[in-house]
Structures are given as structure tokens and as C-alpha cells.
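Per-entry structural report
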Amino acid sequence: MSRPVRIAPSILSADFARLGEEVRDITQAGADFIHVDVMDGHFVPNLTVGPAVVKALRPHSRLPFDVHLMIAPVDSFIPAFAAAGADIITVHAEAGPHLHRSLQLIKSLGKKAGVSLNPGTPAEVVDSVIGDVDLILVMSVNPGFAGQRFIASTLAKISAIRARIDASGRAIDLEVDGGITPETAARVVAAGADVLVAGTASFVGGRAAYPANIRALRPAAS
Ligand code: DX5
Ligand code: ZN
């Protein structure tokens, strides 16, 4: 079994003073998606960027913008991220009582819809929305910060969700986010992941290192 593995560098670890250039450099280095971490200081204990930054970065890359919303409530911001140029919009299952409504809203705007699960949230939460999503994002750290240590107990959840996706017969990406290094990348791919978010591991060492950083995250066979 070999499915193509895509690498989604998180711009959270880029140089914020030169974000446009960083997005261009990481695109040229072989990234597959641009991952944008949106945090509100409420759902997660950190603040990052809003739709204006997504809009400003949009002309700097043709890659899909994979926008990870760690905000609650989320629905009122979804149209602004869609208009700013997001291609995939992911909301957290824990962010509110109306996950299904959020996913329908994303799809009604013509965007791909993703659901994300925190490390403490069980796999079965995806069962009731598996027919409504294009992507499932398994957090392998507690969201809020780049540079945290990979939580190995999430590997079983990745396998459990891989089995659910395969059983559904739907084309759903299985993305993993947090603590991804060349070593943990191989483990999450073996467990069934096919999109790897990487902040620190993508941007470490400056632009000359980006192509090798991304290559090092791809499994040998892909
Ligand atoms: C964590 C964010 C991640 C983070 C990953 O809350 O969702 O995307 O930037 O950073 P690394 O790869 O350094 O763990
Ligand atoms: Zn993320």
C-alpha cells in the first residue's frame, strides 16, 4: 500500500517579518500545501493571524492554502477565510456544539472541509461527520505552539481513523499536525497518515535548508 504523502509546512515557524518571501521559498522548496495556523487566545492559549494575512499571502503561492482554525466560536469567521483565499478550512470538533453546521458552511462556500481532533478526543467523534469531510486532522500535540514533542499515543488514533476512512470509501485526506520530524513522519505514515504538517522541521536552518528539510519528511518510498 503506498499513497502519496504530502508535506504541509506551517508558517507559524516562518519569519513573520518576511512572510511572503517565506511562503515563496517553501513553495519552491517542494511543499504541497501551505498550512496556516489561526489561534484566538481562547480555544488555544496563543494568538496568531487572521484573514487579512491569508489574503496578503495568497499571491505568493499557487499551492492550496490549508487553514487550521483553532478558534471558538468559529462559524462567523469562516466566510472571511474563504474570501481571503483558503482552499481547505479545518475546524476543531471541540470548538463548539455545531460541528456539522460548520462543515456545511465551509462546503457551501465551495471550499474543502476538514475536522480536527485534539489529542484527548477519541477517533469515534469523526463517525457522524465522515460523509461530510474532505480532510481529518489528528493533532499529535495539544494545539497552541510550534516546537512541542510528538505524543506517541496518537498513533493508535491515526490507525483507527485510517480504517474508518478506508471503510467509508471516500477520498478523505488524513493529516497529522505537531512534533513531526523525519523520525515521527515515518511512524505517522506507517499508521496511515498522508498529509504531514511540519512547522519547526520545515523552516529550521533558513531558506537554503528548506528543500532538504521537506525531502527528509517524505517517506523513502513516496
Ligand atoms: C500547533 C499547530 C501546528 C504547529 C506545528 O498548534 O497547529 O501546526 O505549528 O509545529 P511543529 O511542527 O513545530 O510541531
Ligand atoms: Zn496546525
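For the structure, check the block above.
Structure report, in brief. (Residues numbered from 1 in each chain as written. Chains lettered and ligands numbered in written order. Predicted model: local features only at pLDDT ≥ 70, side-chain atom pairs only at ≥ 80, totals over all residues. Heavy atoms only, no water.)

**Overview of the side chain of Asp-177**
Note that Asp-177 resides in strand β7 (residues 173–177). The side chain of Asp-177 sits in the buried core without any salt bridge; Lys-157 is the nearest counter-charge, 13 Å away. Here Asp-177 is in contact with His-35, Asp-37, His-68, Leu-137, Val-138, Met-139, Ser-140, Val-141 and Val-197, once residues within four sequence places are set aside. (Helix = DSSP H or I, 4+ residues; strand = E, 2+ residues; numbered from the N terminus. Buried < 20%, exposed > 50% of the residue type's maximum accessible area, 1.4 Å probe, protein only. Lys, Arg positive; Asp, Glu negative; His and termini not counted. Salt bridge = Lys/Arg side-chain N within 4 Å of Asp/Glu carboxyl O. Contact = heavy atoms within 4.5 Å.)

**Digging into the pattern of salt bridges**
Under the criterion given, the structure shown has 12 salt bridges. Among the ionic pairs, Glu-22 bridges to Arg-18, the shortest N-O distance being 3.9 Å. Residue Arg-58 is joined to Asp-87 by a salt bridge in which the shortest nitrogen-to-oxygen separation is 2.8 Å. With Arg-58 in the loop between α2 (51–57) and β3 (65–70) and Asp-87 in the loop between α3 (78–84) and β4 (88–92), this pair connects stretches of sequence that are 29 residues apart. Residue Asp-87 is classed as partly exposed on the basis of its relative accessible area of 29%.

**Quick notes on the environment of Leu-12**
Mapped onto the elements of the fold, Leu-12 is located in the loop between β1 (6–9) and α1 (19–28). Along the primary structure Leu-12 and Ile-71 are separated by 59 residues, whereas in three dimensions their C-alpha atoms are 16 Å apart. Dropping the residues within four chain positions of it, Leu-12 is found in contact with Asp-37, Met-39, Thr-48, Phe-145 and Ala-146.

**Things to note about the pairing of β7**
Where burial is concerned, most of β7 is hidden: five out of the five residues are buried. The alternating pattern of β7 places Asp-173, Glu-175 and Asp-177 on one face and Leu-174 and Val-176 on the opposite face, and all of these are buried. Pairing geometry for strand β6 (residues 135–139) and β7, over five bridges, is parallel. Among the inter-strand pairings, Val-138 is bridged to a residue of β7, identified as Val-176. Taken together, β6, helix α5 (residues 154–168) and β7 form a β-α-β motif whose crossover is right-handed. Bridging between β7 and strand β8 (residues 195–198) involves three bridges; their strand directions are parallel. Along β8, the bridge assignment pairs Glu-175 with Val-195. In this fold, β7 hands off to helix α6 (residues 182–191), which returns the chain to β8; that crossover is right-handed. (Pairing = 2+ DSSP bridges. Right-handed = clockwise from strand over helix to strand, strands pointing away.)

**Remarks on the nonpolar core**
Core analysis: the biggest nonpolar cluster contains 63 residues, and Leu-69, Ile-136, Ile-158, Ile-161, Ile-180, Val-188 and Leu-196 have the highest contact counts within it. Not counting chain neighbours up to four residues away, the residues in contact with Ile-136 comprise Val-115, Val-126, Ile-130, Ile-161, Ile-165, Ile-172, Asp-173, Leu-174 and Glu-175. Within the second largest apolar cluster, nine residues are counted, among which are Ala-8, Phe-33, Leu-137 and Val-141. (Core = buried A, V, L, I, M, F, W, Y, C linked by side-chain atoms within 4.5 Å.)

**So, the coordination of the zinc ion (ligand 2)**
Only His-35 (NE2), Asp-37 (OD), His-68 (ND1) and Asp-177 (OD) from the protein coordinate the zinc ion (ligand 2), and they sit 2.0 to 2.3 Å from it. Around the zinc ion (ligand 2) sit six donor atoms; with metal-centred angles ranging over 67 to 167°, the donor geometry is octahedral. We note that the donor set of the zinc ion (ligand 2) lies within a single chain, spaced as H-x1-D-x30-H-x108-D. Residue His-35 is found in strand β2 (residues 34–39), and its partner His-68 is found in strand β3; the two are separated by 33 residues along the sequence. Judged by relative accessible area, which is 0%, His-35 ranks as buried. Residue His-68 is classed as buried on the basis of its relative accessible area of 0%. (Donors = N, O, S within 2.8 Å, 3.2 Å for Na, K, Ca; no water. Tetrahedral: all angles 85-135°; square planar, octahedral: opposite > 155°, others 65-115°.)

**Here we look at the sheet that holds β3**
A sheet is described by the order of its strands in space; here eight strands give the open sequence β1-β8-β7-β6-β5-β4-β3-β2, paired in parallel fashion. A single partner strand is all that each edge strand has here, and the edge strands are β1 and β2. The average undirected angle you get between the axes of adjacent strands in this sheet is 25°. (Axes fitted to C-alpha atoms, helices over the stretch in contact; angles between N-to-C directions.)

As far as function goes, none of this settles anything; it's purely spatial.
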